[in-house]
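# Structure at a glance
Each chain, written out:
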Amino acid sequence: MEIKKIGGTALVAGSTSTLAILVGAAPALAGEPYIGFSVGAIGGEHPGPGDASSEDYELTGAAIAIHAGVNQQINDTLWAGVELSYQTNVEGDKNSDSSYEYGYDIQRNIDAKLRVGTTLGDIRVYGFGGVSAGAMQHTFYSGADYRYQGVNIGAGAEMELFPNITVGAEVINRQTWGTIDGEDNDYRASHSAISLRTSFQF
């Protein structure tokens, strides 16, 4: 088996007979920082309070985000890292099932993630969990700002396309809750996103 070194990252070239050999030949991450951006699709639901007259509202749109983080090799098999991402505005569609035909928009969102993964050949696969916070606007309450917090969970994969440049894909689900402008109107929502990512390592 031949090992080639490109931009400080060891890539495994040639065939291997077992998954253990692939993982054993994984490249080491020596406190590797990175920055990047992602683009994808997001969808979710803002349920009503549960009474007979309440309406549920849908979220569908495109999501653009920037991220930064650092990875560190734990042992020959596992690596871990922390990442912070900021998602820009997402315009929600009207809910066709709602008699009011209102929707909701995510104005901004911040995710903090703890990522843990392994390397299979040239591909890094990982799962993550963390916390989220942000703000959304319900078009039924024009101008009202829901500030929320919550938790996130997801998974992804990435590989080095060029020296120090990776590409990948990721899926995330957020469970959030909060109030409208600090009042008693509770907000709760679940939204998920699937995105393509690229990162620059330095």
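Preceding this section is the structure that the text describes.
These remarks concern the structure in this document. (Residues numbered from 1 in each chain as written. Predicted model: local features only at pLDDT ≥ 70, side-chain atom pairs only at ≥ 80, totals over all residues. Heavy atoms only, no water.)

This part covers the overall build of the chain. Within the chain, the regular secondary structure consists of 1 helix and 10 strands. Taken from the N to the C terminus, the helices and strands of the chain come in the order β-β-α-β-β-β-β-β-β-β-β. Excluding contacts between residues fewer than 6 apart, the proportion of contacts in the chain whose partners are at least 24 apart in sequence is 62%. In the form shown here, the chain has an accessible surface area of approximately 10,200 Å², with 61% of it arising from carbon and sulfur atoms. (Helix = DSSP H or I, 4+ residues; strand = E, 2+ residues; numbered from the N terminus. Contact = heavy atoms within 4.5 Å. Areas by Shrake-Rupley, 256 points an atom, 1.4 Å probe, with all protein chains shown as cover.)

Taken as a whole and assessed by the stated rule, the structure comprises 2 cavities of 30 Å³ or more. Considering only enclosed or pocket space, the largest cavity measures out at about 170 Å³ in volume. In terms of lining residues, the largest cavity is bounded by 18 residues, among which Ser-38, Ala-65, Glu-170, Arg-174 and Ser-195 are the most central. Secondary-structure elements contributing two or more residues to the lining of the largest cavity are strand 3 (32-46), strand 4 (57-73), strand 5 (78-87), strand 6 (104-120), strand 9 (165-180) and strand 10 (186-201). In terms of residue count, the dominant contributor to the lining of the largest cavity is strand 4 (5 residues). Here the residues of the lining of the largest cavity are counted per class, giving 6 nonpolar, 6 polar and 6 charged. (1 Å grid on protein atoms, 1.4 Å probe; cavity = no way out; pocket = protein on both sides within 12 Å on 5 of 7 lines; lining within 4 Å. Points joined across faces, edges and corners; volume = space filled by probe spheres on them. Nonpolar A, V, L, I, M, F, W, Y, C, P; charged D, E, K, R; others polar.)

On inspection of all chains with the given rule, the structure shows 3 aromatic pairs. Ring centres of Tyr-126 and Phe-128 lie 6.3 Å apart, and the angle between their planes is 35°; this geometry places the pair in the tilted category. With relative accessibility at 6%, the residue Phe-128 sits in the buried group. A centroid spacing of 6.2 Å and a plane angle of 20° characterise the contact between Phe-200 and Phe-202, whose relative ring orientation is stacked. The side chain of Lys-113 reaches across the aromatic face of Phe-128, ending 4.8 Å from its centre. The aromatic ring of Tyr-126 is capped on one face by Arg-115, whose charged end is 4.3 Å from the ring centroid. (Phe/Tyr/Trp six-rings, centres within 6.5 Å; stacked < 30°, edge-to-face > 60°. Buried < 20%, exposed > 50% of the residue type's maximum accessible area, 1.4 Å probe, protein only. Lys NZ or Arg CZ within 6 Å of the ring centre and 35° of its normal.)

Across 15 bridges, the pairing between strand 3 and strand 4 is antiparallel. Pairing of Val-39 across the sheet is with Ile-64, part of strand 4. Linking two consecutive strands that pair antiparallel, namely strand 4 and strand 5, is a turn of 4 residues. (Pairing = 2+ DSSP bridges.)

With that out of the way, let us pick up the pattern of salt bridges. The final tally for this structure, using the stated rule, is 9 salt bridges. Put simply, Arg-115 and Glu-83 hold a salt bridge, and the shortest N to O gap is 3.8 Å. Placement of the pair is Arg-115 in strand 6 and Glu-83 in strand 5, with a sequence separation of 32 residues. Exposure class is identical for Arg-115 and Glu-83. Each is buried. As a salt-bridge pair, Glu-158 and Arg-115 come within 3.6 Å of each other at their nearest N and O atoms. Taken together, the residues Glu-158 in strand 8 (residues 146-162) and Arg-115 in strand 6 connect sequence positions 43 residues apart. As far as burial versus exposure is concerned, Glu-158 and Arg-115 are alike and both buried. Via salt bridges that share partners, Glu-32, Glu-83, Lys-113, Arg-115, Arg-124, Glu-158, Glu-170 and Arg-197 belong to a single interconnected network. (Salt bridge = Lys/Arg side-chain N within 4 Å of Asp/Glu carboxyl O.)

Next up on the list: the pairing of strand 3. Here strand 3 runs beside strand 10; their pairing, made up of 12 bridges, is antiparallel. From the neighbouring strand, Ile-35 faces strand 10, where its bridge partner is Phe-200.

Before going further, it helps to examine the environment of Leu-59. Tracing the sequence through the fold places Leu-59 in strand 4. Along the chain, Leu-59 and Ser-190 lie 131 residues apart, while their C-alpha atoms are 9.5 Å from each other.

One finds Ile-42, Leu-59, Val-90, Tyr-104, Ile-106, Met-136 and Tyr-187 to be the most contacted residues of the largest nonpolar core, which totals 17 residues. Not counting chain neighbours up to four residues away, the residues in contact with Ile-106 comprise Ile-42, Leu-59, Gln-87, Thr-88, Asn-89, Val-90, Ala-135, Met-136, Tyr-148 and His-191. (Core = buried A, V, L, I, M, F, W, Y, C linked by side-chain atoms within 4.5 Å.)

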